[in-house]
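What follows is the residue order along each chain.
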Amino acid sequence: QVQLVESGGGLVQAGDSLRLSCAASGRTFSRYAMGWFRQTPGKEREFVALRMCYTGSKYYADSVKGRFTISRDNAKNTVYLQMNSLKPEDTAVYYCAADPKGRGSQWADDYDYWGQGTQVTVSS
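Residues numbered from 1 in each chain as written. Predicted model: local features only at pLDDT ≥ 70, side-chain atom pairs only at ≥ 80, totals over all residues. Heavy atoms only, no water.

1. A few points about the overall build of the protein
As a reminder, the rule being used: Counting from the N terminus, the helices are DSSP H or I runs at least four residues long and the strands are E runs at least two residues long. Just to be clear, the radius of gyration here is over C-alpha atoms, and the globule rule we use is 2.2 Å times residues to the power 0.38. Any two residues whose heavy atoms approach within 4.5 Å at even a single point are treated as in contact. A positive count includes Lys and Arg, and a negative count includes Asp and Glu. His and the chain ends are not counted in either. Here the site of a charge means atom NZ of a Lys, CZ of an Arg, CG of an Asp or CD of a Glu.
Check the secondary structure of the protein and you find 0 helices and 11 strands. In sequence order, the secondary structure elements of the protein are arranged as β-β-β-β-β-β-β-β-β-β-β. The C-alpha atoms of the protein give a radius of gyration of 13 Å, which matches the 14 Å a tight globule of 124 residues would have. Each of the three principal axes of the protein carries a C-alpha extent, and together these read 40 × 30 × 25 Å. When contacts within the protein are restricted to residue pairs at least 6 apart in sequence, those whose partners lie at least 24 apart make up 58%. Looking at charge distribution, the protein has the averaged site of its 15 positive side-chain charges lying 7 Å from that of its 12 negative ones.

Here you go:
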């Protein structure tokens, strides 16, 4: 079992930055592909970013490319999402997710473990 706990959300103005953190339990965290997703009311969960476990490759949704950066600290069992130049359309609940199979998928269904989510609100 893996438990994920997100933190770092909040209310900011357009153009501001936020860093989300996701602390994971479990000894094999370093073997998991980790992803960030977001969701707004009435919409499906949307892929934001992922980081592969072994290669370290990173992938981003087109909507956040160049503004968001995903990183992980295996020693701290934590994955981060640095969000710069935030826009009102980035407003959502952000979730981190873990895939023990390390597939590096952009599909939410491929992730076995999820955090509770953290709200990010960007005002114009």
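Still more to cover.
2. A short note on the packing of aromatic side chains
What counts is decided by this rule: Side-chain rings of Phe, Tyr and Trp (the six-membered ring for Trp) are treated as a pair once their centres are within 6.5 Å; stacked means planes under 30 degrees apart, edge-to-face means over 60, and tilted covers the remaining angles. Lysine NZ or arginine CZ positioned within 6 Å of the ring centre and within 35 degrees of the ring normal marks a charge as sitting over the ring.
Overall, the coordinates contain 5 aromatic pairs when judged by the stated rule. Connected via pairs of aromatic rings, a cluster forms that spans Phe37, Phe47, Tyr95, Tyr111 and Trp114. Over the face of the ring belonging to Tyr95 we find Arg45, whose NZ or CZ atom lies 3.7 Å from the ring centre. The positively charged end of Arg45 is found above the aromatic ring belonging to Trp114, 4.7 Å away from the centroid.

3. Considering the state of the cysteines
Applicable threshold: The definition used for a disulfide is geometric: two cysteine sulfur atoms within 2.5 Å.
Tallying each qualifying case throughout the model produces 1 disulfide. The residue that forms a disulfide with Cys22 is Cys96, at a sulfur-sulfur distance of 1.9 Å. Taking the sign of the torsion about the S-S bond as the criterion, the disulfide between Cys22 and Cys96, at about 50°, is right-handed. Of the two residues, Cys22 is situated in strand 3 (residues 18–24) and Cys96 in strand 9 (residues 92–99); the sequence distance between them amounts to 74 residues.

4. A closer look at the pattern of salt bridges
To keep it simple, the criterion reads: Salt bridges are identified by distance alone: a Lys or Arg side-chain nitrogen within 4 Å of an Asp or Glu carboxyl oxygen. For every residue, the accessible area (1.4 Å probe, protein chains only) is compared with the maximum for its type, and the residue is labelled buried under 20%, exposed over 50%, or partly exposed between those bounds.
In total, this model carries 6 salt bridges according to the counting rule given. Residues Arg38 and Glu46 are paired through a salt bridge, measuring 2.9 Å at the closest nitrogen-oxygen approach. With a relative accessible area of 35%, Glu46 lands in the partly exposed category. A salt bridge links Asp90 to Arg38; its shortest N-O distance comes to 2.9 Å. Note that Asp90 is positioned in the loop between strand 8 (78–83) and strand 9 and Arg38 in strand 4 (residues 33–39), a separation of 52 residues in sequence. There is no split in this pair, since Asp90 and Arg38 are both buried.

5. Details of the environment of Arg67
As for its position among the elements, Arg67 is in the loop between strand 6 (58–60) and strand 7 (68–73). C-alpha of Arg67 to C-alpha of Met83: the two residues are 16 residues apart in sequence and 6.1 Å apart in space.

6. Some points on the environment of Gly15
As for its position among the elements, Gly15 is in the loop between strand 2 (10–13) and strand 3. For Gly15, a relative accessible area of 48% translates into the label partly exposed. Beyond its immediate sequence surroundings of up to four residues, Gly15 is in contact with Ser85 and Leu86.

7. Notes on the nonpolar core
The criterion, for reference: Nine residue types can take part in a nonpolar core, namely buried Ala, Val, Leu, Ile, Met, Phe, Trp, Tyr and Cys, and a core is a set of them joined through side-chain atoms within 4.5 Å.
Counting 34 residues, the largest nonpolar core has Trp36, Leu81, Met83 and Tyr94 as the members making the most contacts within it. At the level of elements, strand 3, strand 4, strand 5 (46–51), strand 7, strand 8, strand 9 and strand 11 (118–123) are the ones that each hand at least two residues to this core.

8. Regarding the environment of Asp110
With respect to the helices and strands, the residue Asp110 is situated in the loop between strand 9 and strand 10 (113–114). Judged by relative accessible area, Asp110 falls into the partly exposed class, the value being 23%. Each C-alpha atom of the pair Asp110 and Pro100 lies 9.6 Å from the other, and the pair is 10 residues apart in sequence. If sequence neighbours within four positions are ignored, Asp110 has contacts with Asp99, Arg103 and Ser105.

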